[in-house]
Amino acid sequence: QWAVWQVLLGAGLIVVFSQLGDLVASSLKREVGIKDFGSSLPGMGGFLDRYDGLLFSVPVFYVFVRSMAVG
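Residues numbered from 1 in each chain as written. Predicted model: local features only at pLDDT ≥ 70, side-chain atom pairs only at ≥ 80, totals over all residues. Heavy atoms only, no water.

Engineer: Please explain the overall build of the chain as it appears in this structure.
Structural biologist: Each helix and strand in the chain was counted, giving two helices and zero strands. Looking at the 71 residues of the chain, the share that counts as buried comes to 17%. With the model as given, the accessible surface of the chain reaches about 5400 Å², and the carbon-plus-sulfur share is 69%. (Helix = DSSP H or I, 4+ residues; strand = E, 2+ residues; numbered from the N terminus. Buried < 20%, exposed > 50% of the residue type's maximum accessible area, 1.4 Å probe, protein only. Areas by Shrake-Rupley, 256 points an atom, 1.4 Å probe, with all protein chains shown as cover.)

Engineer: What is the right way to look at the pattern of salt bridges in this model?
Structural biologist: Across all of its chains, the model carries one salt bridge by this definition. Among the ionic pairs, Lys29 bridges to Asp52, the shortest N-O distance being 3.1 Å. With Lys29 in helix α1 (residues 4-32) and Asp52 in the loop between α1 and α2 (54-70), this residue pair connects regions lying 23 residues apart in the sequence. Exposure remark for Lys29: the relative accessible area of 7% places this residue in the buried category. With a relative accessible area of 6%, Asp52 lands in the buried category. (Salt bridge = Lys/Arg side-chain N within 4 Å of Asp/Glu carboxyl O.)

Engineer: Looking at this structure, I do not really get the packing of α1 against α2. What am I missing?
Structural biologist: To characterise two packed helices, one gives the angle between the axes of the helices and the distance between these axes. Direction vectors running N to C along α1 and α2 enclose 155°, while the axes themselves pass 6 Å from each other. On the basis of the axis angle, α1 is roughly antiparallel to α2. Seen along the crossing, α1 lies across α2 with a hand that is right-handed. Contacts between α1 and α2 involve Trp5, Gln6, Leu9, Gly10, Leu13, Ile14, Phe17, Ser18, Leu20, Gly21 and Val24 on the former and, on the latter, Leu55, Phe56, Ser57, Val60, Phe61, Phe64 and Met68. When the residues that make up the contact of α1 with α2 are grouped by side-chain class, the tally is 13 nonpolar, five polar and no charged. (Axes fitted to C-alpha atoms, helices over the stretch in contact; angles between N-to-C directions. Parallel < 35°, antiparallel > 145°, perpendicular 65-115°, else oblique. Left-handed = near helix turned anticlockwise from the far one by under 90°. Contact = heavy atoms within 4.5 Å. Nonpolar A, V, L, I, M, F, W, Y, C, P; charged D, E, K, R; others polar.)

Engineer: Even after reading the chapter, I still don't get α1, so can you show me in this structure?
Structural biologist: An α-helical segment advances 3.6 residues per turn. Residues three or four places apart therefore align on the same side. Compared with the 42 Å implied by 1.5 Å per residue over 29 residues, the 43 Å span of α1 between its first and last C-alpha is a close match. Taken residue by residue, α1 has Gln6, Gly10, Gly21, Ala25 and Lys29 as its buried positions. Two residues or fewer after α1 comes Gly33, characterised by a positive phi angle close to 80°. (Expected span 1.5 Å × (residues − 1).)

Engineer: Sorry if this is basic, but what is going on with a nonpolar patch on the surface here?
Structural biologist: Where nonpolar side chains cluster on the molecular surface, the patch consists of Leu48, Tyr51, Leu54 and Val58 and spans about 370 Å² of accessible area. Position of Leu48 among the secondary structure elements: in the loop between α1 and α2. (Patch = residues over 30% accessible without salt bridge, like charges linked within 9 Å, V, L, I, M, F, W, Y side chains within 5 Å.)

Engineer: Just checking my understanding: could you explain the environment of Val58 for this structure?
Structural biologist: Among the structural elements, Val58 can be located in helix α2. Given a relative accessible area of 45%, Val58 falls into the partly exposed group.

Right, here's the structure in full:
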């Protein structure tokens, strides 16, 4: 059973690092002159662009959950 503060902290970490992952991926694409990772979703970028936010949030979430399970 997780306490409310643990759930809020986890959610906050996901929000922050998801945004960071999206910004880093966009920055990398701009560096190499790529607008999107594909054209499968017109007007929304490619299919892989939907997962840019997971770049940092998934590893951070994994570490967070593992650290909460230990304590």
